[in-house]
Every structure is written in C-alpha cells, then in structure tokens.
Amino acid sequence: MERFIHMSCLFVLGAVMGSFLNVCIHRIPRGMSIVTPRSHCPKCLAKIRAVDNIPVLSYIILRGRCRVCHERISLRYIAVELLLGVLFVLGGIVFEPGWRLFFLLAFISLVLSSIMTDLELRIIPDRFSLTGLGLGVIFALFLDGNWVKGIGGAIFGGGSLFLVGWAYKRFRGIDGMGGGDIKMAAMIGAFLGMGGAFYSIFFASLAGSLYGIASIVLKKGTMKTELPFGVFLGISSVAVLFCQELLLIRAIPALWGWG
C-alpha cells in the first residue's frame, strides 16, 4: 500500500508538472510570459477556471472542449500530462529516491517539452536546452562527482551534431542540422555522458532515417523534407537513460571510459 501511494503521488506530480509544461510549450516559443496572463482559451479568450484546470480530469470532464465556446482543445494537453505522469512513475520505479531522482525527472520534463515544441513548431527553445545543459553539469559535478562526464558529454553531444550539420551544409549546400538540435544534444550529453549521448544520437539517426525512408515510400515526403530530429533525439535519450540505469547498455561505455 505504501508503494502504491508513493507511485500515485509521483503520477499526480508528473501530471501537474505536465500541466505547467503545457503552458511553457505554448508560450515560450512564441515569446510570451509563462506567468501572465492567466490561462485562457486561445479561441474565445475566456479565462480558464480553477475547476477546469485540473490535470487530466478536467480534459476528460469537458470532453476536450472549452466550456465557453466549445472549441476543441488540442490532444497535446492531456497527452503531455498523462505521459509525464507515467514517466514520473517509471522514474520512481527505476531510480532511487533523492536528489538524483529529482534531477533526472527534471531532465525528462525538459526533454518532453523540447519534443513537443519541435513536433509542433520545429523549434527547440534555448530556455529548455540551455537550462537542461546547466542542470546536467550540476548533476554530473555534485551527484555523480564527475565533472568530466558532464562537460565532456555536453561537448561530445553538441559537437557531434555540429560537425554533422557543418559537413551536410558544406557538401550539399543546405542546412542539415538546426541549432536547437545541437543544444539539445549538448544537454543530453551533460546528463548521460559521452556514451549516453552517442547512443542517443545513433538511435535517433536510425529512427529518423527509417521514418524518412517510410515517408518517401508512402509518397508523403522527399529527400528534402525537413524532419523534426529533436523528436527522435528526445525519445531515444529517455530510452537510453532508463536502459543505462537498468544496466542494459552501461557495459560498453564503461569499457571505453565514457561513463
């Protein structure tokens, strides 16, 4: 029963954090304040009452529509709340309670925010990636006791994508990697180290390539179609985070001294 209560609290905390992240995801890329004005319907501008702002439940009760104008509310809102709630529970199962768990849940939250803004607007705001980069270095220094892991991982992650983008631009004459992706990779490297950054970039590249090929085969895209690489990078980084903790892929980076 105690564990059930603990996991339930983590889910609620994740859903509440997801509700706050929804505000950040909508406002930060548009240069808006996350404090004012109060949350409101983007269609009729009616302010959202507290009773209609309960994570997950309010969306279900209102059937995904504004109470005033009945305009449909994006599925992204409940998706972020539910997903972050589930990820917080998984984090509570996999990671030991304490500051380490706090920092890793913060990392997951920032990654999810970056995924959503990249998916919707093809933007990864600096306030997500650079905040995560700073937290990652602090995490490596004070909790892992290894500043080389944090700084080295950030340089490796961001530097790898920078070189890929530079080479693509040089040989094809068009931009192949956005600055947001590079900063996001640096954030991932700061938290996961060089090994984690390597695996995240590798699996993201593989998934992105398969997605691109499928789009071409299904005639929904071309070789020049822009892909939201941050989406693939974010998903693979969270998967790598959990896999590292479960010792599924930690052995290889340990052998290489990537930690």
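The preceding data block contains the structure.
A short tour of the structure in this document, coming up.

What counts and what doesn't
Residues numbered from 1 in each chain as written. Predicted model: local features only at pLDDT ≥ 70, side-chain atom pairs only at ≥ 80, totals over all residues. Heavy atoms only, no water. Salt bridge = Lys/Arg side-chain N within 4 Å of Asp/Glu carboxyl O. Helix = DSSP H or I, 4+ residues; strand = E, 2+ residues; numbered from the N terminus. Buried < 20%, exposed > 50% of the residue type's maximum accessible area, 1.4 Å probe, protein only. Polar contact = N/O pair within 3.5 Å; in protein donor to acceptor, adjacent residues only side chain to side chain. Contact = heavy atoms within 4.5 Å. Core = buried A, V, L, I, M, F, W, Y, C linked by side-chain atoms within 4.5 Å. Disulfide = S-S within 2.5 Å. Axes fitted to C-alpha atoms, helices over the stretch in contact; angles between N-to-C directions. Parallel < 35°, antiparallel > 145°, perpendicular 65-115°, else oblique. Left-handed = near helix turned anticlockwise from the far one by under 90°. Nonpolar A, V, L, I, M, F, W, Y, C, P; charged D, E, K, R; others polar.

1. Focus on the pattern of salt bridges
And then number 1: Tallied over the full model, the rule gives 4 salt bridges.
And then number 2: For Asp-52, the salt bridge is made with Arg-67, and the minimal N-O distance between the two is 2.8 Å. One end of the pair, Asp-52, is in the loop between helix H1 (2–27) and helix H2 (57–61); the other, Arg-67, is in the loop between H2 and helix H3 (75–94), with 15 residues separating them in the sequence.
And then number 3: Look at Arg-67 and you get partly exposed, because its relative accessible area is 42%.
And then number 4: Notably, a salt bridge pairs Lys-183 with Asp-126, separated by 2.9 Å at the nearest N-O pair. Of this pair, Lys-183 sits in helix H7 (residues 179–217) while Asp-126 is found in helix H5 (residues 126–143), placing the two residues 57 residues apart along the sequence.
And then number 5: The network of salt bridges with common partners includes Arg-49, Asp-52 and Arg-67.

2. Quick notes on the side chain of Thr-117
And then number 1: With respect to the element layout, Thr-117 can be found in helix H4 (residues 99–121).
And then number 2: Here Ile-123 takes part through its backbone oxygen, which lies 2.7 Å from a polar atom of the side chain of Thr-117.
And then number 3: When near neighbours in sequence (up to four residues on either side) are disregarded, Thr-117 contacts Ile-25, Pro-29, Arg-122, Ile-123, Ile-124, Pro-125 and Phe-128.

3. Brief notes about the nonpolar core
Within soluble globular proteins, side chains that are nonpolar tend to cluster in buried spots.
And then number 1: In this structure, Phe-107, Ile-108, Leu-161, Phe-191 and Leu-233 are the most contacted members of the largest nonpolar core, which totals 46 residues.
And then number 2: No other element matches H4, which puts 11 residues into this core.
And then number 3: In contact with Phe-107, other than residues within four places in its own chain, are Met-187, Ile-188, Phe-191, Ser-237 and Leu-241.

4. Points about the state of the cysteines
Linking two cysteines covalently through their sulfur atoms gives a disulfide.
And then number 1: Per the counting criterion, the structure on display carries 0 disulfides.
And then number 2: Free of any disulfide, Cys-24 has its nearest cysteine sulfur in Cys-41, 19 Å distant.
And then number 3: A residue is classified by how much of its surface remains accessible, and Cys-24, at 5% relative accessible area, is buried.
And then number 4: Among the cysteines around Cys-66, which has no disulfide bond, Cys-69 carries the closest sulfur, lying 3.8 Å off.

5. As for the packing of H7 against helix H8 (residues 229–245)
And then number 1: Axis separation between H7 and H8 bottoms out at 7 Å; the angle between their running directions is 120°. Taken together, the axes of H7 and H8 are oblique relative to one another. In this structure, the crossing between H7 and H8 has a hand that is right-handed.
And then number 2: Partitioned by chemical class, the residues of the contact of H7 with H8 number 15 nonpolar, 10 polar and 1 charged.

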